[in-house]
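Coordinate analysis (summary)
Each chain is listed here by its residues.
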Amino acid sequence: MESYLNENFGGVKPKNSSDEALERWRKLCGFVKNPKRRFRFTANLSKRYEAQAMRQTNQEKLRVAVLVSKAALQFIHGITLSSEYIVPEEVKAAGFQIDAEELGTIVEDHDVKKLKMHGGVENLANKLCTSTTNGLAATGDLLTRRQQIYGINKFTESEARSFWVFVWEALQDMTLMILGVCAFVSLIVGITIEGWPHGAHDGLGIAASILLVVFVTATSDYRQSLQFKDLDKEKKKISIQVTRNGYRQKISIYELLPGDIVHLAIGDQVPADGLFVTGFSLSINESSLTGESDPVMVNAQNPFLLSGTKVQDGSCKMLVTTVGMRTQWGKLLATLSEGGDDETPLQVKLNGVATIIGKIGLFFAVVTFAVLVQGLFTSKMQQGTHWSWSGDDALQMLEFFAVAVTIVVVAVPEGLPLAVTLSLAFAMKKMMNDKALVRHLAACETMGSATTICSDKTGTLTTNHMAVVKVCICGNIKEMHSSDEVLTLSSEVPSSTLKTLLQSIFNNTAGEVVINKDGKREILGTPTETALLEFGLSLGGDFQAERGASKLVKVEPFNSEKKRMGVVLELPQGGLQAHCKGASEIILDACDKYVDSKGDIVPLDEATLNHLKDTIEQFANEALRTLCLAYVELGDEFSDVDPIPLKGYTCIAIVGIKDPVRPGVKESVSICRSAGITVRMVTGDNINTAKAIARECGILTDGGIAIEGPVFREKSLEELREIIPKIQVMARSSPLDKHTLVKHLRTTLGEVVAVTGDGTNDAPALHEADIGLAMGIAGTEVAKESADVIILDDNFSTIVTVAKWGRSVYINIQKFVQFQLTVNVVALIVNFSSACLTAIMRFLVLWLVLWLYIVLLVLWVTTPASGNAPLTAVQLLWVNMIMDTLGALALATEPPNDELMQRTPVGRKGNFISNVMWRNIMGQSLYQFVVIWYLQTQGKALFHLDSSESDLILNTLIFNSFVFCQVFNEISSREMEKIDVFQGILKNYVFVTVLACTVIFQIIIIEFLGTFANTSPLTLLQWFFSIFIGFLGMPIAAAVKMIPVGST
């Protein structure tokens, strides 16, 4: 079975599956009872094709718009354009000078002519009653009027489906509809022949059972939909930095309005259509909107920014012009959301299992109906009444047909693929409470198979709360642990050097020091930038004064490949100066001068160079992050189109930044090791810093290798194959190094790789990995978009929790499949053999079925004695509910335990239906078969049943014993290998509730619903026997678990 499933349903990957693979398995699902329910949580390929067509249209539209705007530029320079635009009265009345449609066409069509006609960006801001400096005046009345005229930044979402929609979809089951028709016909014929109410019992019983199945199924599905809706809301919680009322503040993107001034930085997603105000080196990736991967440079000449695109490099201030569904991204997003997520490999595989069983079940249902009809016909032939057919005969034929249809209901396990969704939905909700937001369903099950985690250092293994604790300036190393030490440094360092240092800190930064709306000083930026700015402020510096004194001419933002950031300043006294900071050894290599203890600039001799290199190594060995700050004087001939120089700098200072290891990381790494998961650190930091942190975390061991990115990328393919299994630390790595490492681990070594990332440049590695883990606090929107799971607290321990939940999902689904398989194997052997085959053939079929292990159907049909069905349609539907919806609820929602992390991972090639599962299925099936078969053949003699209702009582006893076998088998299925199955059972309220409801309802069916369910009340002895038969299955299951088998 496993090889068949892999061949026909194995083309779907955990992520990035091709459309061909997704279409192929759908075509193979020939027999589906309820397509709406079966395929509810699968991708809508037609909607995806619509979205792709829309992207192509956008690409062509933007291409034409750009060409037109370029042509327009050639004609409008120096021409005074007359305004033909008339402001609508309602817009004027609201206090604005331009309406939403006009604003939308300017940006969407890249209409330079219209922009010029309206007086450019500054004048547009005035027409929107806003300021490019202070932003919106966020008074309640004005915001309300603005929303009425321009709309809100929300996108059309599909309406939440009500409970009754799920009831309707559950009723779409073809077999239930046929049973409903049977119930109606039975009701009419029964009342006609036997009168009311006796003649209505069978029909009403089937109808009530159908309604029970429908409402239980709909309730389960509705609860799942609510869980996914809650998770979807969490995914959309995105904040953005804006200026309002003159203050920088963070607001939700859904609160944005036209006129807002948004601050964008590398890795941000553009939250609405807008216009570039000011900024540097802004490069935009428009592939999400147009499919075009080449970045677009945005500046004053090309100021158009489109919603949904991403900042690939640089930073800027943007004036919001168009929001919500007025943007192209809003229209595209509506289509994309209808496309849905890809189905998971396990969902597809279990769809394959359900398809196989469906075909076999349909075949045996037809055979069973034929055998039952043949038995009736033979009986009438023997009685000589084959030419005389009564209403009772018609009812019996109808009953045979209903049983055959019910067999298909029971045999086709629609619940198998939906059990995956149920388990994933449950896990995703619980993981959200554990600070992990799952963006893609497949990540849950894939994380359970992870064999390697490639983790960042900063913010994941460390706290990301940074502070400058050491500095080397003017050739001297100073401690910065207290305010007194900071004051001492300020007094000892020459004033000219201190001035240059503060100039470098406050100008060469992507952070800012602002006054928030509470009137308090707030430092914005990455933890590294924040630490440096805090250091500058502690030295007595004034951020606003420094920024106001010099003019920024050019900015080259920090880049993971260059490991540096640079700016060019126009000084107040005249002249240009370039400042750079970054990886200490890289910046120091660009220096040929340094500032000595007197504040003089002197050549960097070999002795001083060695001293500075030793200082860097000393800081790094103390697990400090080191940065070097330097500057160079530029000539007047420098232009903002020229690159910032890479050589000739003067070293100002080297700082050591402390970032403590997170509490609990060492224990988490140890848990991973015991679980067979290798943890590797991949960082851009100095190798000595990385090694010190890795040892502290327990990642770097005696036999492990620590390597630098430049060394790694020079290795040949053969050398990489040899060293990659031993690499535990990679320092000074570029995004390409990280991507290469992940690719080799996956393809060459067959590892299942989880990768953490927070920056824009991590996106390729996150995309390449089996599971991409983005940081929720430090991560950019680009990284989060590329990730499968967002770690909301940026904590490595949360990653271990995700792995534990992933294993729990995988094993829970295995438990459920094992449980269903056992029920069906027993039912097939007992019923089909009793209906169709001789004693010799029964023996052969038994061992054939046990050998092939492929039958997952309930075919409990007839007894040899009477030729009637021992289980009615009502009873079969109840058995179906126990092993399908209720079984999934009980077993697929088992919470994880710590012992899961003491097992080896499944890996990439593990079989889903393992030898352990087959062993348990065979042992339990054999026991149940022997017991039930004994009852069928010897039950009357055993219980001295000789009355007119002996057949009814025996069938009730068999039905009751079979149900209790499943109740206790459900308990045994909680553990596939452990004998103690009661550990933690009372903590799982869902399991206990399902079990209690099953037992209570079984008692009601037997004792009180006999008229409708065709059962007879049992004596205490018979009840005890039924329960004892079920309970005896538990020690049998425990004994079977002691039989050793292979792991696959």
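It should be noted that the structure appears before, not after, this text.
To start, this report covers the structure provided alongside it. All values reported here derive from a predicted model rather than from experimental measurement.

Cut-offs used in this document
- Residues numbered from 1 in each chain as written.
- Predicted model: local features only at pLDDT ≥ 70, side-chain atom pairs only at ≥ 80, totals over all residues.
- Heavy atoms only, no water.
- Helix = DSSP H or I, 4+ residues; strand = E, 2+ residues; numbered from the N terminus.
- Buried < 20%, exposed > 50% of the residue type's maximum accessible area, 1.4 Å probe, protein only.
- Contact = heavy atoms within 4.5 Å.
- Pairing = 2+ DSSP bridges.
- Axes fitted to C-alpha atoms, helices over the stretch in contact; angles between N-to-C directions.
- Polar contact = N/O pair within 3.5 Å; in protein donor to acceptor, adjacent residues only side chain to side chain.
- Parallel < 35°, antiparallel > 145°, perpendicular 65-115°, else oblique.
- Left-handed = near helix turned anticlockwise from the far one by under 90°.
- Nonpolar A, V, L, I, M, F, W, Y, C, P; charged D, E, K, R; others polar.

Another aspect to go through is the overall build of the protein chain. Counting its regular elements, the protein chain contains 39 helices and 26 strands. Relative to its full complement of 1048 residues, the protein chain shows a buried share of 56%. The long-range fraction of contacts in the protein chain, counting pairs at least 24 apart against all pairs at least 6 apart in sequence, stands at 74%.

On the secondary structure map, glutamate 696 appears in helix α26 (residues 687–697). The sequence separation of glutamate 696 and valine 661 amounts to 35 residues, and the corresponding C-alpha distance is 7.8 Å. Residue contacts for glutamate 696: discarding those within four places in its chain leaves Val661 and Lys666.

Attention now goes to the sheet that holds strand β22 (residues 705–708). Strand order in the open sheet formed by eight strands is β8-β26-β25-β24-β9-β21-β23-β22, with mixed pairing between adjacent strands. Two strands bound the open sheet, and with one partner strand each, they are β8 (436–438) and β22. Within the sheet, the average angular offset between the axes of one strand and its neighbour, ignoring direction, is 20°. Pairing geometry for β22 and strand β23 (residues 727–731), over four bridges, is parallel.

Right, let's get into α26. Among the eleven residues in α26, eight count as buried, and that is most of the element. Within α26, burial applies to Ile687, Asn688, Thr689, Ala690, Ala692, Ile693, Ala694 and Cys697. Residues of α26 that are buried in the fold lie against α24 (606–621), β19 (624–634), α25 (665–674), β21 (678–682), β22 and β23. One side-chain oxygen at the N-terminal end of α26 lies 2.7 Å from the backbone nitrogen of asparagine 688; it belongs to asparagine 686.

Bringing the packing of α24 against α26 into the picture now. Packed helix pairs are characterised by how far apart their axes lie and by the angle those axes make with each other. Where α24 contacts α26, the axes come no closer than 7 Å and their chain directions differ by 15°. In terms of axis orientation, α24 runs roughly parallel to α26. Remark: the crossing between α24 and α26 carries right-handed chirality. On the side of α24, the interface is formed by Glu617, Ala620 and Asn621, while α26 contributes Asn688, Thr689 and Ala692. Among the residues forming the contact of α24 with α26, the class breakdown is two nonpolar, three polar and one charged.

One can expect most non-glycine residues to show negative phi and most peptide bonds to be in trans. Unlike most non-glycine residues, asparagine 245 shows phi in positive territory, near 55°. When you line up the elements, asparagine 245 lands in the loop between β1 (239–244) and β2 (247–252). The exposure class of asparagine 245 is partly exposed, given its relative accessible area of 41%. With a phi close to 60°, lysine 563 is a non-glycine residue in the positive phi region.

Right, let's get into the pairing of strand β17 (residues 591–595). Relative to strand β20 (residues 649–658), β17 runs parallel, the two being bridged by three bridges. Bridged to cysteine 591 within β20 is tyrosine 649. As judged from the three bridges shared by β17 and strand β18 (residues 601–603), these two strands associate in the antiparallel manner. Residue pairing for β18: valine 595 is matched across the bridge by isoleucine 601. As consecutive antiparallel partners, β17 and β18 are separated by five residues, and within that stretch glycine 599 has a phi angle of approximately 90°, a positive value.

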